[in-house]
Amino acid sequence: MTTDTTPKIEPEGGILTNSAEESKREEKRRRLLLLFLLLLLFLSCFCAVLFLRYLFNPAPLPELMSLPVDVNYSPHYLYSVYGIDQPVGAAVSQDGKRLYVAEAGGDRLIKIIEADSGRLLKEFMPPNTGPGERSPVYVAVDARGRVYVTDRLQHAIFIYTGDGEYLDTIIAPNLTLSAYVSSQLGGLPQGTKYLYNIFQEGVWYQSAGATDWTTLPAPAPEGWSPLGISITADGRMLVTNVISEKSNIIEYPASVTSSENWVDFSPTFTTFGSYGEGDGQFIFPNDVLVDSKGRYYAVDGNNARISVWDSAQQFQYYFGSGTGEGAVSLPRGAYLDSRERLFIVDAVGQNVKVYSLAGDQPEFLYSFGDLGVDDGQFNYPNDVVLFGTNIIYVVDRENNRIQVWSY
């Protein structure tokens with residue numbers, strides 16, 4: 001006689017049948033599928049939002065995603081703007097639509113270039129000067145869109161409107177051309193025009209409505225040979241004053257760049273640094289910038305280093321000297337972006353070196369570019385400027401072009 005050992009099914013529990021087990025597994029699969037579909041929907045929405053944000057605000061992916069940590073990676077080459085004769089300095093308008101470029105070759109002009117297309121909009125120069133009498137180098141733009149250009153031959157800083165119309169000239173640390181003419185005439189009537197060329201005798205002025213020009217004795221400025229120029233976020237103007245064996249840095253208050261005119265030019269400026277190879281000294285400083293903590297970074301060209309000063313203008317240390325991937329050979333132009341990244345053009349190294357200033361000490365991140373004439377290669381680069389944090393303009397001097405890079 002055979003005994004039936006098959007489990008009996010209890011109505012209130014006990015051992016489940018095969019169909020019940022299968023039903024439970026099917027329910028679990030449905031739940032997992034639902035979770036997967038919800039995750040897929042979330043990712044699709046996230047990607048759509050990123051795409052729309054990029055359409056309205058093209059920016060690096062880490063910025064679009066608002067990552068909680070900094071992500072640093074080398075930029076990539078986009079294209080070049082040609083038709084420029086040995087460019088040496090550049091600046092971008094506040095809205096990013098215009099690029100101002102100073103030329104060292106040809107007629108030594110300052111050119112206004114449409115940033116998006118590379119199209120030449122206009123070119124201008126210091127008034128009453130010939131090509132052999134001017135040498136524009138570095139460029140800066142203030143919050144009002146006015147353009148400041150240092151000139152090595154004229155020993156001056158020329159000031160223009162954003163459209164390149166001449167406004168005034170800083171001819172000494174504490175003297176503008178308009179202030180000098182005003183002091184000679186006992187005032188400066190509205191509509192008076194004035195011209196000055198360091199290679200010509202006297203200052204020329206023309207009263208409003210007059211047809212003739214009259215000359216005044218030439219000023220005798222001393223201790224003034226501006227080279228690098230930058231304007232801080234709060235409007236202060238920093239100038240590297242490169243005089244043979246008397247170099248220093250001059251900081252002007254924000255009242256200079258916020259002025260309607262410069263007839264009453266008598267700013268209380270400060271100076272720091274001196275000529276030499278020791279601590280707190282430099283030889284041929286090309287640029288100076290200020291970070292968010294108030295620290296100054298002076299690009300010490302011929303000492304092949306970057307000197308750091310605290311907010312009280314007291315020397316702290318220097319970096320970039322010696323050998324290694326973070327060392328510079330002949331640093332020239334520089335730029336500091338909103339992410340506290342310091343971009344340094346190395347004219348001999350034929351690249352742009354990037355450092356993070358977020359910590360107590362600069363940290364070398366990477367460099368980009370190398371020697372050559374192809375896309376993404378440099379031949380004696382001299383300046384760098386950014387628009388936002390993702391579009392980079394590199395002044396490629398001997399290749400007669402401006403290179404555009406992006407993150």
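Refer to the structure presented above.
Below is a short write-up of the structure. (Residues numbered from 1 in each chain as written. Predicted model: local features only at pLDDT ≥ 70, side-chain atom pairs only at ≥ 80, totals over all residues. Heavy atoms only, no water.)

## Observations regarding the pattern of salt bridges
Convention followed: Here, a salt bridge means any side-chain nitrogen of Lys or Arg that lies within 4 Å of a carboxyl oxygen of Asp or Glu. Think of it this way: any DSSP run of H or I at least four residues long counts as a helix, any run of E at least two long counts as a strand, and we number them from the N terminus. Between buried and exposed lies partly exposed: a residue is buried under 20% and exposed over 50% of the maximum accessible area for its type, with that area taken using a 1.4 Å probe on protein chains only.
If you walk through the whole model with that rule in mind, you get 14 salt bridges. Glu251 is the partner of Arg236 in a salt bridge, and the nearest nitrogen-oxygen pair spans 3.4 Å. Taken together, the positions of Arg236 in the loop between β14 (226–231) and β15 (237–241) and Glu251 in strand β16 (residues 248–252) put the pair 15 residues apart, joining distant regions of the chain. Residue Glu251 is classed as buried on the basis of its relative accessible area of 11%. Note that Arg397 and Glu398 form a salt bridge whose closest N and O atoms lie 2.9 Å from each other.

## Looking at unusual backbone geometry
The phi torsion at Gln350 lies on the positive side, around 60°, for a residue other than glycine. The exposure class assigned to Gln350 is buried, which follows from its relative accessible area of 11%. Look at Tyr380: it is not a glycine, yet its phi comes out positive at around 60°. Relative to the elements of secondary structure, Tyr380 occurs in the loop between β29 (377–378) and β30 (381–387). Tyr380 sits in the partly exposed class, given a relative accessible area of 22%.

## Description of the packing of aromatic side chains
This is how the line gets drawn: Aromatic pairs are defined between Phe, Tyr and Trp rings, using the six-membered ring for Trp, whenever the two ring centres lie within 6.5 Å; interplanar angles under 30 degrees are classed as stacked, those over 60 as edge-to-face, and all others as tilted.
Within the structure shown, the criterion is met by 15 aromatic pairs. Considering the side-chain rings of Tyr252 and Phe265, the 6.2 Å spacing of their centres and the 45° angle between planes classify their relative orientation as tilted. Residue Tyr252 is located in strand β16, and its partner Phe265 is located in the loop between β16 and β17 (270–272); the two are separated by 13 residues in the primary sequence. Just as Tyr252 is buried, Phe265 falls in that class too. Their ring planes at 50° and their centres at 4.7 Å tell us that Phe368 and Trp405 sit as a pair that is tilted. Here Phe368, found in strand β27 (residues 363–368), pairs with Trp405, found in strand β32 (residues 401–406); they are 37 residues apart in sequence, far enough to count as distant. Using a relative accessible area of 4% as the deciding quantity, one classes Phe368 as buried. Judged by relative accessible area, which is 6%, Trp405 ranks as buried.

## Things to note about the sheet that holds strand β4 (residues 110–114)
Quick reminder of the rule: DSSP calls a pair of strands paired once it identifies at least 2 bridges connecting them. Working convention: axes come from line fits to C-alpha atoms, limited for helices to the stretch in contact. Angles between N-to-C directions cover 0 to 180 degrees.
Spatially, the four strands line up as an open sheet ordered β2-β3-β4-β5, and their pairing is antiparallel. Of all strands in the sheet, those with a lone pairing partner are β2 (87–92) and β5 (120–124), marking the two edges. When the angles between neighbouring strand axes are averaged without regard to direction, this sheet yields 20°.

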